[in-house]
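# Overview (structure and organization)
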Amino acid sequence: MRSSEPANDKDTDAGAAGDGPLPPAPPEGPLTMARLVALEPATLRRLLTTGLRAGLTEAELDAGCAAAATPGQAPADLRALLQQWGWLAWDPDRQRWRTRLGATTPSAPPQV
């Protein structure tokens, strides 16, 4: 592109606050399998899929967030956003970070 040509909207918006794989506001509803498999970029999808299967150590989570963060987004910000939305939580029993599907709060036990 020549400097005299107008920039493409995508070029000027890339890296702006709120751009990237996740919206700045919480998505409606919890993380579902359908939402998980549709997530972009693939690095974010892989991060959450690994957290769903085996869980993530602190080092694996840090590396995954660094790979999945958009340009200009701090990996710690991505991690905080995933935790805020209830998509990622610490599992004290397994000592690993786990991806959470479904409700962000535990449901009440079934009534007998």
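Placed above this text is the structure.
Residues numbered from 1 in each chain as written. Predicted model: local features only at pLDDT ≥ 70, side-chain atom pairs only at ≥ 80, totals over all residues. Heavy atoms only, no water.

To continue, consider the overall build of the protein chain. When you go through the protein chain residue by residue, the secondary structure sums to five helices and two strands. Each helix and strand of the protein chain, placed in order from N terminus to C terminus, yields the pattern α-α-α-α-α-β-β. Within the protein chain, buried positions represent 26% of all 112 residues. The contacts in the protein chain between residues at least 6 apart in sequence include a share of 52% that link residues at least 24 apart. On the protein chain, roughly 7,400 Å² of surface is accessible, and the fraction owed to carbon and sulfur atoms is 54%. (Helix = DSSP H or I, 4+ residues; strand = E, 2+ residues; numbered from the N terminus. Buried < 20%, exposed > 50% of the residue type's maximum accessible area, 1.4 Å probe, protein only. Contact = heavy atoms within 4.5 Å. Areas by Shrake-Rupley, 256 points an atom, 1.4 Å probe, with all protein chains shown as cover.)

Under the definition given, this model contains two aromatic pairs. Taking 5.1 Å as the distance between ring centres and 70 degrees as the angle between the ring planes, the aromatic pair formed by Trp 85 and Trp 87 counts as edge-to-face. Here Trp 85 matches Trp 87 in class, with each residue buried. (Phe/Tyr/Trp six-rings, centres within 6.5 Å; stacked < 30°, edge-to-face > 60°.)

Spatial relationships are all this shows, so hold off on functional conclusions.
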